[in-house]
Each structure stands twice: as C-alpha cells, then as structure tokens.
Amino acid sequence: QVQLVESGGGLVQPGGSLRLSCAASGSDFSRHNMAWYRQAPGKQRELVAAITSSGTTNYADSVKGRFTISRDNAKNTVYLQMNSLKPEDTAVYYCNARLWLWTSWGQGTQVTVSS
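Report follows, based on the coordinates. (Residues numbered from 1 in each chain as written. Predicted model: local features only at pLDDT ≥ 70, side-chain atom pairs only at ≥ 80, totals over all residues. Heavy atoms only, no water.)

### Some remarks on the overall build of the protein chain
So, step 1. A tally of regular secondary structure across the protein chain gives zero helices and eleven strands.
So, step 2. Reading the helices (α) and strands (β) of the protein chain from amino to carboxyl end gives β-β-β-β-β-β-β-β-β-β-β.
So, step 3. Over its C-alpha trace the protein chain gives a radius of gyration of 13 Å, about what one expects of a compact globule, namely 13 Å for 115 residues.
So, step 4. Considering only C-alpha atoms, the protein chain reaches an extent of 40 × 25 × 20 Å along its principal axes.
So, step 5. Of all intrachain contacts in the protein chain linking residues separated by at least 6 positions in sequence, the fraction that spans at least 24 positions is 53%.
So, step 6. Entry remark: accessible area of the protein chain is about 6200 Å², with carbon and sulfur atoms responsible for 49%.
So, step 7. For the protein chain, the centre of its 11 positive side-chain charges and the centre of its 7 negative side-chain charges are spaced 1 Å apart. (Helix = DSSP H or I, 4+ residues; strand = E, 2+ residues; numbered from the N terminus. Rg over C-alpha atoms; globule rule 2.2 N^0.38 Å. Contact = heavy atoms within 4.5 Å. Areas by Shrake-Rupley, 256 points an atom, 1.4 Å probe, with all protein chains shown as cover. Lys, Arg positive; Asp, Glu negative; His and termini not counted. Charge placed at Lys NZ, Arg CZ, Asp CG, Glu CD.)

Next comes the structure, spelled out in structure tokens:
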C-alpha cells in the first residue's frame, strides 16, 4: 500500500503551464504503475497519462504532445507536466498507484484554466 499526496494545482491562463506532483509513501514506489486521472464537473473520470514501473508511458489522445508524465523513484514522486493548457483541461486531477491487486488514490487537486 502507498499513500499519495498531490500538489501543484491552481489557476492558470490558456496557453500556460502547470506541473503537478504526487508524492508516495508507505511501500516500494518503484514497483508501482502510476497514473494521472481527471474529472470535470458532470463528466466521467478519465485516464490522462500513465507510466509503468519500467518507464513505459501512455497518454489520452486529448493531451498527447502537451502533457508529459514522469517519475523520480529516488524521490518516490510522479509528475505531470502540463503545457499549452486549454479551458477543456479544467478538472480535478487525481494521482493513482497500482501494484498487482492493490490500488491507491490521491485526494485530488484542482486545475482551472481560465483567462
């Protein structure tokens, strides 16, 4: 099991950038597959980006070329670098960790893209 603490959300103008961080504690972080999800009001939670324990990444089509997921195992932290932000990116962003049958969620952090 791991506990996840997110940070970095906030208000940004269209075209701007934010970097979200998710700090994990409680177990071997390097063995976990990590992901970022988001949920906008009235919409289903969706996968934004994922990175496996081996470093393989995957992205939703809507964020390809704009977002980058990365991890620093020495710091037990996963990041989501968000560039060229659009109003449609406004949502609560959640960090997720999975190891075999176990899954953990962060509390979520609000990202608002508005002029």
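Moving on from the model shown.
### Considerations on the pairing of strand S7 (residues 67-72)
Note on strand geometry: in a regular strand, side chains alternate between the two faces of the sheet.
So, step 1. Across the two faces of S7 the burial differs, with Phe 67, Ile 69 and Arg 71 buried and Thr 68, Ser 70 and Asp 72 not buried at all.
So, step 2. Pairing between S7 and strand S8 (residues 77-82): six bridges, direction antiparallel. Looking across to S8, one finds that Arg 71 is bridged to Val 78.
So, step 3. Connecting the antiparallel pair S7 and S8 is a turn made up of four residues, with Asn 76 showing a positive phi of about 50 degrees. (Buried < 20%, exposed > 50% of the residue type's maximum accessible area, 1.4 Å probe, protein only. Pairing = 2+ DSSP bridges.)

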